[in-house]
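Given next are the chains, with one letter for each unit.
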Amino acid sequence: MKALQINAKDKVAVAIEAISAGESVTVAGKNITLLNDIPAGHKFALCDIPEGENIIKYAFPIGHAKSDIKTGEHIHTHNTRSNLGKLLEYKYEPNFEEIAPKSPKYFMGYKRADGKVGIRNEIWIIPTVGCVNSIVREIESLSQCYKTENIDGIYSYNHPYGCSQLGQDCLMTLDYLAGLIKHPNAAGVLVVGLGCENGNIDELKKRLGEYDESRVKFLVCQESADEISEGVSIVKALAEISDTYRREKCPASDLIVGLKCGGSDGFSGITANPLLGAFSDNLIAMGGSTILTEVPEMFGAETILMNRCRTPELFDKTVDLINNFKKYFMRYGEKVDENPSPGNKAGGITTLEDKSLGCVQKGGSAPVEDVLSYGEQVSVKGLSLLQAPGNDLVASGALTISGAQLILFTTGRGTPFGCPIPTLKISSNSRLADFKSKWIDFNAGQLLEGKTMEDLTQEFTDYILAVASGETPAASELLDKHELAIFKDGVTL
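Please read these numbers as outputs of a predicted model, since none were measured by experiment.

## Structural notes on the nonpolar core
(1) Moving on: Judged by nonpolar contacts, the single largest core of 109 residues is most densely connected at L408, I426 and F460.
(2) Moving on: Not counting the four nearest positions on each side in its chain, L408 is found in contact with V257, G258, L259, K260, L276, F279, L424, I426, F460 and I464.
(3) Moving on: By size, the runner-up hydrophobic cluster in this structure holds 19 residues, among which are V132, I139, I151 and V232.

The structure is reproduced here in structure tokens:
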């Protein structure tokens, strides 16, 4: 198979491998002679498409023809224009099916006193402000002697914020830090402040609410004669408590999994993203939860999600989620369709609609059960939508603070980044999986090589449970994960 029509309604096919101009391929019951070279992952026309007519992929428009397009012609940025750009009005037309329950599967996790379950048993050292980044790194370095075989790691995190921020922008930083402090993958947390910052520890505690005083400790550097020595002593005490935790058998319903994509290519919407969608449905069928974010990468596919909302109230919240993010773009004078990235385009993605229709497939087919603001934690089982941008690091951080214990990250181009929780990279194609084996955790490209979705979903689910049980580390856990990326929207003094 050299090319694939994804949906019978599509006017385009995707090249599975590079095809030369003049070569004939059989796809969708037609014999098509290519008028141009078609790189792998790119599209070509299955029929003539007049100027101004919509180009259909995934059974939906991905834009319209800027000029007449002939059968067999390469379809990409040179002859396609997005249909996006304005705020829209939407009508609720429910279109979803219930996910049939499945027998539970299990993993070995860490049960916390607040009822949450972690998949790692770590100690986190978190700065309230960038001024103390060097302090927390030194505390981390000197505390490694207290790590035991029952403690998965002692990590400090860095960020440049926490001071010179005003209003909602400062609150977003505090909510981010509060979400980290509450995270169940951390058995113990040391929060280190400077003392004079806007987002000081007293202000942070207001956003944090109730917390376990045996698990969470605070240190203000300006109030300590030797903050490094004091910090190390606090970590030693936290390590003694953290060392008492042991993995216990937990149902998959205790899992909250973040769904993310980055460096997508023309195969992402055919292999890796649908695999995550199948996994999401599978986990939800077992009582678990998933979170879909990257709001700008819902533009053009938003009605699919809106009509999967369980209630009219959730539909209204999803409309606000989409339109408020468009207003955010407009407030800064940016175009709503300023996406995809150069790497996306090189991989075969043409417009934001093209990217979005592939992106939302990570959410499977389950009903939307909740819509979360940035920093809000999951409280309802099933699929939740989350307010966050498409940026890989910022969106992954947002998934973390909303309660995801791990992130599934699909990619067609590859990326090595990590965040505080295991971030598994799922390749859309086998070439990437082979070429960047130290970055990639799982190869969804097998779907183009004879593996069925049912078989690969089963294999993938078992793999995720093994990672959650600590049997297999994510590739990102073997690299650096010290940097935090916090969503910023405001003035810096």
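## Quick look at the sheet that holds strand β6 (residues 54-57)
(1) Moving on: Here we have three strands laid out as an open sheet, ordered β6-β7-β9, and antiparallel in their pairing. If you trace the sheet from one side to the other, it starts and ends with β6 and β9 (80-81), each paired once.
(2) Moving on: One ladder, built from two bridges, connects strand β7 (residues 60-65) with β9; its direction is antiparallel. Within β9, the residue paired with H64 across the bridge is R81.
(3) Moving on: The strands that helix α9 (residues 352-359) touches are β6 and β7; relative to β7, the one it contacts most, it runs at about 170°.

## Observations concerning α9
(1) Moving on: Where burial is concerned, most of α9 is hidden: eight out of the eight residues are buried.
(2) Moving on: Within α9 the residues assigned to the buried category are L352, E353, D354, K355, S356, L357, G358 and C359.

## Considerations on the sheet that holds strand β14 (residues 186-193)
(1) Moving on: The sheet built from four strands is open, its strands ordered β13-β12-β14-β15 with parallel pairing. At either end of the open sheet lies a strand with only one pairing partner, and these are β13 (153-156) and β15 (216-220). The sheet shows a mean angle of 15° between the axes of neighbouring strands, direction not considered.
(2) Moving on: The pairing of strand β12 (residues 122-127) with β13 spans four bridges and is parallel. Counted as the bridge partner of I125 is S156 from β13.

About the criteria used
Residues numbered from 1 in each chain as written. Predicted model: local features only at pLDDT ≥ 70, side-chain atom pairs only at ≥ 80, totals over all residues. Heavy atoms only, no water. Core = buried A, V, L, I, M, F, W, Y, C linked by side-chain atoms within 4.5 Å. Buried < 20%, exposed > 50% of the residue type's maximum accessible area, 1.4 Å probe, protein only. Contact = heavy atoms within 4.5 Å. Pairing = 2+ DSSP bridges. Helix = DSSP H or I, 4+ residues; strand = E, 2+ residues; numbered from the N terminus. Axes fitted to C-alpha atoms, helices over the stretch in contact; angles between N-to-C directions.

Everything listed here is a matter of geometry and, on its own, says nothing about what the molecule does.
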